[in-house]
Structures are given as C-alpha cells and as structure tokens.
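Each chain is listed here by its residues.
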Amino acid sequence: MKPYSAINSAALRDSAEAQLKAKPGTSPPQGEADVWRLQPKLEETLREANARYRALFEQAPDSIILVDGRTGELVAFNDRACENLGYTREEFRKMKIHDFEVFESKDEVQKHINKIIECGHDIFETKHRRKDGEIRDMLVSCRSISFRGRSLSQSILTDITERKRSEEAVLN
C-alpha cells in the first residue's frame, strides 16, 4: 500500500479548480494577469483549508501523533496527546514513543514504525505509561504518510482503559 501524501488534499484541489473555472460569459484564465487576479482567492482557499485542518487536528477527541519514520521523533501532536499522558507540550515535544510505551523496547518501537511505513498501516492495542506512572490501555490506529519527502507514521490513539475495566468487571 502506498503512503498517503499529505499534500494530495482533494478538497484543496477541488477548490482551486473551482477558482480557475471561468464565470459564465467570461473566458478561462489566459495569461499572467489572470493568474495574478486569481491569487488572492487561491490564498484565501489555502488559509481556509489550513484552518480546517488545524481545527480537525487540535479538536480531535483522540490523541494524534505524527512520528518521523527514520528518527522516531514526534513531528507533530495535538493537545489531547499531551493531556492523556499528563505531560506539557514542552515535555512531550522532547519524547519519543519508547519513552511512554510499556510493551516494546526502543528497538522494537523502531521496528514497529518501520513495519507501519513499509506496510502502510496497522491497528493494535498497547499500554502507555503516564507521567504519574499510571498505565493506560490504548488502541492505536496508524497509517503511513509521506510529507515533503519524509516518511511519517500518523497515529490516532484512543484511551480504552475504562472500557477494558468495564469488560473485566462484567467477566468477573
């Protein structure tokens, strides 16, 4: 499976194409002057797309983390990722997955990231250690993406600790 390219946004492309279509009774853009005339509209479309992306990313109900496939560094993350593990943004920015992953060692985490980049996706359950030492059950859904020549793993992490406790209580 090929990694999804973060710059292949269908919505942005469709919006830009709509801007380039001529209004009824006018001719399509022909020269540099027409392109310059459309530039403010295209810039506004780009600003709106960026604002939409930021809202989806920052207001997501789950943690979202982008991990560099080569270095394992956290490239980007939303506030929920920090909150769920009890870290400040500054603290979390300095961390790597193996710093809070319970099951996998540093080398195993890197091998898992490499597998995600190679295969394109993975869904699994794991445990993460919060700053206060509490262990939380996590459902992780990953997808390999390519952005500006970098292979990244996009992970959406759902805290399933309470669900697991409820299931255990029902079984016991």
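For the structure, check the block above.
My aim in this report is to walk through the structure given alongside it, one point at a time. These numbers were taken from a predicted model, which means no experiment stands behind them. Chains are numbered independently. Their residues run from 1 in the order of the written sequence. Given that this is a predicted model, residues contribute local features only at a pLDDT of at least 70 and side-chain atom pairs are listed and counted only at 80 or more, while totals for whole chains, interfaces and linings are drawn from all residues. Side-chain metrics in this entry use all non-hydrogen atoms of the structure; hydrogen atoms and water are not considered.

## Some details on unusual backbone geometry
Located in the positive-phi region is Arg 148, a residue other than glycine, with phi close to 50 degrees. Counting through the fold element by element, Arg 148 comes out in the loop between strand S5 (135-147) and strand S6 (150-159). Given a relative accessible area of 73%, Arg 148 falls into the exposed group. Numbered from the N terminus, helices here are DSSP runs of H or I no shorter than four residues, and strands are runs of E no shorter than two. Accessible area is worked out with a 1.4 Å probe on protein chains only. A residue is then buried under 20% of its type maximum, exposed over 50%, and partly exposed in between.

## Examining helix H5 (residues 106-119)
Take the residue count of a helix, subtract one, and multiply by 1.5 Å to get its expected span. Under the 1.5 Å per step criterion, the end-to-end length of H5 is 20 Å for 14 residues, consistent within 8% with the ideal 20 Å. Within the sequence span of H5, burial applies to Val 109, His 112, Ile 113, Ile 116 and Ile 117. Projection of H5 onto a plane perpendicular to its axis shows the buried side chains occupying an angular sector of 140 degrees, all on one side. Exposed and oriented more than 90 degrees from the buried face of H5 are Asp 107, Lys 111 and Glu 118. Here the buried face of H5 lies against strand S2 (63-68), strand S4 (121-129), S5 and S6. Just downstream of H5, Gly 120 is the residue with a positive phi angle, here 105 degrees. Directions from the helix axis toward the C-beta atoms define the arc. Any two residues whose heavy atoms approach within 4.5 Å at even a single point are treated as in contact.

All we've got here are geometric facts, nothing functional implied.
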